[in-house]
Amino acid sequence: MRKITVFLLSAFMVCTLVSCSRPSSGSNTETSTVDKPLYDWGHISDTTITIWGDNVSLQREYYKKAFDRYEEMTGNTIVTQGYTIEEQEKKRAEIAAGTTEHPDILISQGGTNLDPYDPGTNFYDFTDAAWVDDLTNIAINQAVYDGKVIGLPHAEASISGTLYNKEIFEKCGLKIPKTQEEFLETCETLKQNGFTPMYFPYADLFLFYQFPMDSIVADKETLDALNDFSLSYADLPEMEKIITWYKVMAEKGNFGEDYMDNKAAGRVDAMKSGKYAMMLGWDVWLYTDLKQDTEKFGLMPAFVGTPENGSFEGPNLTLMTVNRNSPRLDAALDLITFMADPYNYNEAFEGIYTAPVFKHQVKSISTPQYVESEQLIDELYYDANARLRIRGFSLSDASFIQRYMHDSDYSAKQCLDDMDNARKARVLEAE
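Quantities reported herein were computed from a predicted structural model and do not represent experimental measurements.

What the chain contains, in helices and strands, is 20 helices and 14 strands. A globule of 431 residues ought to have a C-alpha radius of gyration of about 22 Å, and the chain, at 21 Å, matches this closely. For the C-alpha atoms alone, the extent of the chain along its principal axes is close to 65 × 45 × 40 Å. Of all 431 residues assigned to the chain, the portion counted as buried reaches 56%.

Here it is in structure tokens:
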């Protein structure tokens, strides 16, 4: 077992903030398969382990395969409970108030998303775990919290941007835009040819405004100033560009008619229909959700007001965190060790489209969309810093952007101030 020093962890954090690690589409340097367990697990049986997570994550094939394999090999039982975004917010508040007990294992986004759970008090510290050496840079970057490895990254590593229908683009004589202005011109051409430029899951607050924000907080000074509240969203011209993009897109009809009724659950049907040309999303979604006709789609940058040439966002990995106060702590740690063993995770990720999370992860494969756009991704890549590193950040603040889109008496400054005040309130609540 290896002790990761605070110095090394700090170096990983700095690496994240300057966007120095990008998923690779090539083969791992570690290419040998593991034909027997590498770690010590499987000595606990007849125990029920409870796991909470979001509905979507818990339906992923790699989790199902890993959990089934663990139950079969150990005789333990895993009980999962999935929640919607709204239900997760409520559960977080109940846990913080002490009215609901932690599960044995919580599957959650890392970084500041963990603040409401008081990780230092409630989560097990995996810094000394043997499997930490096996994590890729992008994985360990997201596993670190307050100088400690706070959970096991175990998820698909995707690249986010704009998914686009290549057949529609070809019919309209379009190429991938290179600037924000060219993107809006592309939308006009699509409309002129009878296509709705973009499917927009407005009803579920899926605005993905974190995509362009990654470029803003790639600057560590800006991030630190936002986090100590010496700088506000309204102080940043780029933030106004972001929220104005949504307003302009709506006013120009680029989201289509009745877009306010569009839900996340409708994305698959929308992209299969041939009516919509684009959608903000990530490459792996094509294989986890769409599943059919994936070859019709490509991945280009997200043009959401800023940066000028668009951007790609790196993975938002979910972590498996362990309740250090659980009466079943030994069993929960046993499961984590099992999940981190290449003998098991290669079986779980076999044939799954993802960049590697582990150095010995050799059975997963990169998406054709990633391979096709790798050079462009290399130029316009940003780590997922906004959602992970901005204190009090929440996707629910998209509701203020929605109001700005439609309320002529609601200014950009009011919108950004409200977003700032909402995240401040969450930080104070967590403290």
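Don't stop here, the text continues.
Tracing the backbone shows Arg403 in helix 19 (residues 398–406). Looking at Arg403, the relative accessible area reads 43%, which means it is partly exposed. With 156 residues separating them in the primary sequence, Arg403 and Lys247 have C-alpha atoms 9.5 Å apart.

Turning to the pairing of strand 13 (residues 318–322), a few remarks are in order. Most of strand 13 sits inside the fold, with 5 of its 5 residues counted as buried. As judged from the 5 bridges shared by strand 3 (residues 105–109) and strand 13, these two strands associate in the antiparallel manner. Looking at strand 13, one finds that Ser108 is bridged to Leu319.

Counting buried residues in strand 9 (residues 276–282) gives 7 out of 7 residues, a clear majority hidden from the surface. Alignment of strand 7 (residues 160–165) against strand 9, held across 5 bridges, turns out to be antiparallel. Its bridge partner lying in strand 9, Ser160 is registered against Trp282. In this structure, strand 8 (residues 196–199) lies alongside strand 9, joined through 3 bridges in parallel fashion. When the bridges of strand 9 are listed, Tyr199 appears paired with Met279.

Those residues of helix 10 (residues 220–227) not exposed but buried are Thr222, Leu223, Ala225, Leu226 and Asn227. Following helix 10 by one or two positions, Phe229 has its phi on the positive side, about 65°.

Moving on: helix 4 (residues 85–97). The end-to-end C-alpha separation of helix 4 is 19 Å, in line with the 18 Å expected for 13 residues at 1.5 Å each. Buried residues along helix 4 sit against strand 1 (48–54) and strand 2 (77–83). After helix 4 finishes, the residue Gly98 shows a positive phi value of roughly 80°.

The next thing to look at is the pattern of salt bridges. One pass over the full model with this rule turns up 13 salt bridges. A salt bridge links Asp293 to Lys296, with the shortest nitrogen-to-oxygen separation between them at 3.8 Å. Of the residues examined, Lys296 reaches a relative accessible area of 27% and is grouped as partly exposed.

This next bit is on the side chain of Ser232. Here Ser232 is to be found in the loop between helix 10 and helix 11 (237–251). On the accessibility criterion, Ser232 (17% relative accessible area) is buried.

In a beta sheet, neighbouring strands pair by backbone hydrogen bonds and run either parallel or antiparallel. Spatially, 2-1-3-13-6 is the arrangement adopted by the 5 strands of the open sheet, whose pairing is mixed. Looking along the sheet, the strands with just one partner apiece sit at the ends: strand 2 and strand 6 (152–153). Where helix 3 (residues 61–74) meets the sheet, it contacts strand 1, strand 2, strand 3 and strand 13, and its direction lies at approximately 155° from that of strand 2.

Turning to the environment of Glu71, a few remarks are in order. Relative to the elements of secondary structure, Glu71 occurs in helix 3. A C-alpha to C-alpha distance of 22 Å links Glu71 and Ser108, two positions 37 residues apart in sequence. Non-local contacts of Glu71, meaning those with residues more than four positions away in its chain, are made with Asn76, Thr77 and Ile78.

What counts as what
Residues numbered from 1 in each chain as written. Predicted model: local features only at pLDDT ≥ 70, side-chain atom pairs only at ≥ 80, totals over all residues. Heavy atoms only, no water. Helix = DSSP H or I, 4+ residues; strand = E, 2+ residues; numbered from the N terminus. Rg over C-alpha atoms; globule rule 2.2 N^0.38 Å. Buried < 20%, exposed > 50% of the residue type's maximum accessible area, 1.4 Å probe, protein only. Pairing = 2+ DSSP bridges. Expected span 1.5 Å × (residues − 1). Contact = heavy atoms within 4.5 Å. Salt bridge = Lys/Arg side-chain N within 4 Å of Asp/Glu carboxyl O. Axes fitted to C-alpha atoms, helices over the stretch in contact; angles between N-to-C directions.

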